[in-house]
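Now for the letters of each chain:
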Amino acid sequence: MRPTKDLHVKECKPLATPAQIVAEIPMTDAAAETVATAREEMRQLIHGQDRRLLVVVGPCSIHDVAMAEAYAAFIAEARRTYGASLLVLMRVYFEKPRTTTGWKGLINDPHLDGTYDVETGLRRGRKLLVQLAEAGIPAASEVLDPISPQYLAEAISWAAIGARTVESQTHREMASGLSMPIGLKNGTDGSLQTALNAMKSAAQPHRFLGVDVEGRVAVVATTGNQDTHLVLRGGLAGPNYEEPYVLAAADELRKAGLPSRVMIDCSHDNSSKDFARQPVVLDDIAAQLRRHDHILGVMIESNLVAGKQAFPPPAGTSLRYGQSITDGCVDLEATRRMLDALADALAGRPAA
């Protein structure tokens, strides 16, 4: 018989089950309280019951756990300083979607050497999330792989569906069953309709193939997720953070019967992929906050050191501590100025 299967599969390596890794790195009462409280606060923001601003800020991606822990100290300070006006979450992204090739994130390649030790990546990722939650720091992450949430999701307070996957039925179904509020980005072409369709789909019950906590293939039945919102991140036609785009998006959401407050990503196509333009985008957002209440939150790519570095590093050199190996980020000083601007804008807006 001529072979007809696995013609392009080199290896199929079993992983520890979600139940095994969860048992090794369990949630604590303190961690669960952080996650549950942050999720409830975000639900209130999404549905207009809280007038604070959601701020998801942190590295484009986590490639060094020690570096992430150092950045977390900044987030803890920011939560104390701005808590009355800003709900600050740390961006903790472990999976990176790629247009063609490139490093796919800490879970996929935690040693940064092409060994793809996924089991170690899952353990490192879960341990970091639990540690952050225990310290009172809620985490925001992108959900990309449909299996990894079984290992990580209970420790994530807010999740994103990215521009490349917002049209995917698999991700819409997954969103319908996840326990946290979810931001859905407009498509890479800038289209809002793709994200609106995704929000409607995620709100509905679904049944689909997945895995259970024991790693067995299962049919997953969901209730639907009512706590989704739109994230404007620009597109091929250019940015969409300015007031006419925000007001138009809010109007389209209202017409569709969806939560009409939007989040704005200061990076990606809104900054023309230039990290140094993020403060320019944020200044525009701050001015809008003084005029209307259609903005739910912002996303900022920030790290200990500004910019980004080549990866793999040039021969004979090593990675610079505190600097991104994916998208460029603003540094801590710039981030503080941006948070100050948001807090000042909220203090100056009209009463509800």
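It should be emphasised that the depicted structure is a prediction, and the values quoted were computed from it without experimental measurement. One numbering rule holds for all chains: residues counted from 1, following each sequence as written. In keeping with the predicted nature of the model, local features appear solely for residues at pLDDT of at least 70, side-chain atom pairs appear and are counted solely at 80 or more, and the whole-chain, interface and lining totals rest on all residues. Side-chain metrics rest on all non-hydrogen atoms present in the structure, leaving aside hydrogens and water.

A. Structural view of helix α7 (residues 193-202). Each residue is placed in one exposure class: buried if its accessible area under a 1.4 Å probe, protein chains only, is under 20% of its type's maximum, exposed if it is over 50%, and partly exposed if it falls in between. The helix count covers DSSP runs of H or I at least four residues long, the strand count covers runs of E at least two residues long, and both are numbered beginning at the N terminus. Across the 10 residues of α7, seven count as buried, placing the element largely inside the fold. Those residues of α7 that sit buried are T194, A195, L196, A198, M199, S201 and A202. Its buried side turned inward, α7 meets α6 (169-177), β5 (182-185), β8 (228-232) and α8 (243-255). It only takes one pair of heavy atoms within 4.5 Å for two residues to be counted as in contact.

B. The sheet that holds strand β10 (residues 295-301), seen in detail. When DSSP finds at least two bridges between two strands, those strands are taken to pair. Pairing in this closed barrel of eight strands is parallel, and the strands run β1-β2-β3-β4-β5-β8-β9-β10 around the ring. Mean inter-strand twist for the sheet, computed between neighbouring axes without regard to direction, equals 30°. Pairing of β5 with β8, which is carried by four bridges, proceeds in the parallel orientation. Following the sheet pairing, G183 is matched in β8 by H229. Contacts from helix α10 (residues 332-347) reach β1 (53-58), β2 (86-91) and β10 within the one sheet, and its direction differs from that of β1 by about 180°. In this analysis, axes come from line fits to C-alpha atoms, helices being fitted only over the stretch in contact, and the angle between any two N-to-C directions falls in the range 0 to 180 degrees.

C. Looking closely at the side chain of E301. Structurally, E301 can be placed in strand β10. In the analysis that follows, any N or O atom pair within 3.5 Å is treated as a polar contact, provided that within protein one partner can donate a hydrogen and the other can accept it, and provided that, for residues neighboring in sequence, both atoms belong to side chains. Of note is the side chain of E301, whose polar atom sits 3.0 Å from the side chain of R91. Excluding its chain neighbours within four sequence positions, the residues that come into contact with E301 are G58, C60, R91, S267, H268, Q278, D327, G328, C329 and V330.

D. A look at the pattern of salt bridges. Here, a salt bridge means any Lys or Arg side-chain nitrogen found within 4 Å of an Asp or Glu carboxyl oxygen. Enumeration over the complete set of coordinates arrives at 17 salt bridges. Notably, a salt bridge pairs E119 with R123, separated by 2.8 Å at the nearest N-O pair. One end of the pair, E119, and the other, R123, are both in helix α4 (residues 118-134), four residues apart, so they sit about a helical turn from each other. Overall, R123 belongs to the partly exposed group, its relative accessible area being 24%. D293 is the salt-bridge partner of R261, the closest N and O atoms lying 3.4 Å from each other. Of the two residues, R261 sits in the loop between α8 and β9 (262-265) while D293 sits in the loop between α9 (278-289) and β10, which places them 32 residues apart along the sequence. A relative accessible area of 8% means that R261 is categorised as buried. Of the residues examined, D293 reaches a relative accessible area of 33% and is grouped as partly exposed.

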